[in-house]
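# A closer look at the structure
Residue strings, one per chain:
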Amino acid sequence: MAGRAMPLVHAVAAGWILLAFVDRRLGQSKSTPYGLPSWVAFWRRQKKTIVWIDGCYDMTHFGHFNAFRQAKALGDYLIVGLNPDSEVVRYKGSAPLFKEEERLQAIKACKWVDEVVENVPYVLDEKYLNEVVFGQYGVDYVVHGDDPCLDADGNDVFASSKKAGKYREIKRTEGVSTTDLVGRMLLMTRDHHSRETSPTTKSPGATSSSSDGRWGTSPSSPLKEKIGQSLGRVAGFAGFLPTSRRIAEFSAPVKRPEKGDRVVYVDGAFDLLLPCHIRFLEKARALGDFLIVGVHRDEEVNRYKGRNYPIMNLQERVLGVLSCRFVGEVIIGAPWEVTNDMITTFNISIVAHGSQYDATAGGRGDFDVAYKLPKEMGIFREILSTPDGGVAEIIERVLENRKEFEKKFNKKSAQENAYYEKKKYVHEG
């Protein structure tokens, strides 16, 4: 019996010798500082095209997700490098609005992302590219949008990648940016999600200011006029043009529940698709086999949340939800009340909501109406959720540092103006 075991021992030993040889050929230790064995990178290198994209990804939104989608389309395996707060402060002068962990959660939840590398420098110099990106991770292409990305001295951040001949450019997603979203919150009117009014005109019933003076800007504010002009060109319905192609791209691959699957249904605004939303969607998906998410219409959200909500319009919010790896299907403009017809049509087994409820005009009674039938049927489930990290908290972060964000808005809007003035057609994959 011992004799029969010897060939297996020899095979295992030979395998380890081969892996050690590969390590030496790559000039690396058996494990990289990021926990990725070099032989795994080598194996990936032989079998897959590996694509790298990196950035800050503040207020991670569907524009970022579309960049990940395009980058993934250039290869088989997508690695996203995340700049830490320290690098963002060093090169941009101030910390991101989203905390580092919040940005990390949002990126990891994106269905096009295969791996996330943390603590990536803002500028990928030749040393980092050769030792980490092309070396440890075996990357084939470094990708960025067609908008320029410069360091504090005005130098091209991707100069080294271009020099190495491994740079690929993708189309920037127009109509949304972190600057744009901050501008919407600084403006604090409903106009960013309304076709009926211009961004500089207060819509009926909109809140322009509160008793403490923090919610909104003065009707005659120069900042409001400047933000309004910027949003009028590049934000909301005015600049973001929802198309059937975009919905199809974000829906792919099309998923359908299998026969016998337990279908879970949840609904809400999902404004800005925050980490608290992602945690909730992950828990909801774990309740069954297939998750359907109903996204409420702008008018419905504004009715029960008031002020200038939602920050993003319906199509923008739908794209954010569709990008989440836990979501199987989205109902666009879902009704407030879960009806018997909905339950039958989608074969819903479970209807769920978080344990935290938004304050609405009708109070908790509004939700009793919404989920009356599922509760009577015994299919309603409440998922433990926390009140932290909601949209209101993000708005408070902006308003508490209004001057800093106004300064950033002015700087970035000037850069975006230059982009739009010089932009050329770029084919989008």
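Check the entry above for the structure.
These notes cover the structure that comes with them. (Residues numbered from 1 in each chain as written. Predicted model: local features only at pLDDT ≥ 70, side-chain atom pairs only at ≥ 80, totals over all residues. Heavy atoms only, no water.)

Before going further, it helps to examine the sheet that holds strand β3 (residues 115-117). Strand order across the open sheet formed by 5 strands is β3-β2-β1-β4-β5, with parallel pairing between neighbours. Single-partner strands in this sheet number two, and they are β3 and β5 (167-170). Direction aside, the axes of adjacent strands within the sheet are offset by 30 degrees on average. Alignment of strand β4 (residues 141-145) against β5, held across 4 bridges, turns out to be parallel. Directly across from Val143, in β5, lies its bridge partner Arg168. Of the strands in this sheet, β1 (50-55), β2 (77-82), β4 and β5 are in contact with helix α3 (residues 62-73), which crosses β2 at around 140 degrees. Docked against the sheet, helix α6 (residues 126-136) engages β1, β3 and β4, running at close to 110 degrees with respect to β4. (Pairing = 2+ DSSP bridges. Helix = DSSP H or I, 4+ residues; strand = E, 2+ residues; numbered from the N terminus. Axes fitted to C-alpha atoms, helices over the stretch in contact; angles between N-to-C directions. Contact = heavy atoms within 4.5 Å.)

Our next topic: empty space enclosed by the protein. Picture a little ball the size of a water molecule; that probe, rolled over the atoms, points out where space is still empty. In this structure the tally under the stated criterion is 1 cavity of 30 Å³ or more. In this structure, the largest cavity spans a volume of roughly 40 Å³. Contributing to the lining of the largest cavity are Thr60, His61, Phe62, Phe65, Phe270, Leu272, Leu273, Met312, Glu316, Arg317 and Gly320. Secondary structure elements with two or more residues in the lining of the largest cavity: α3 and α14 (314-322). Top contributing element to the lining of the largest cavity by residue count: α14, with 3 residues. (1 Å grid on protein atoms, 1.4 Å probe; cavity = no way out; pocket = protein on both sides within 12 Å on 5 of 7 lines; lining within 4 Å. Points joined across faces, edges and corners; volume = space filled by probe spheres on them.)

Within the secondary structure, His64 sits in helix α3. Judged by relative accessible area, which is 13%, His64 ranks as buried. Among residues more than four places away in sequence, those in contact with His64 are Tyr57, Asp58, Met59 and Thr178. (Buried < 20%, exposed > 50% of the residue type's maximum accessible area, 1.4 Å probe, protein only.)

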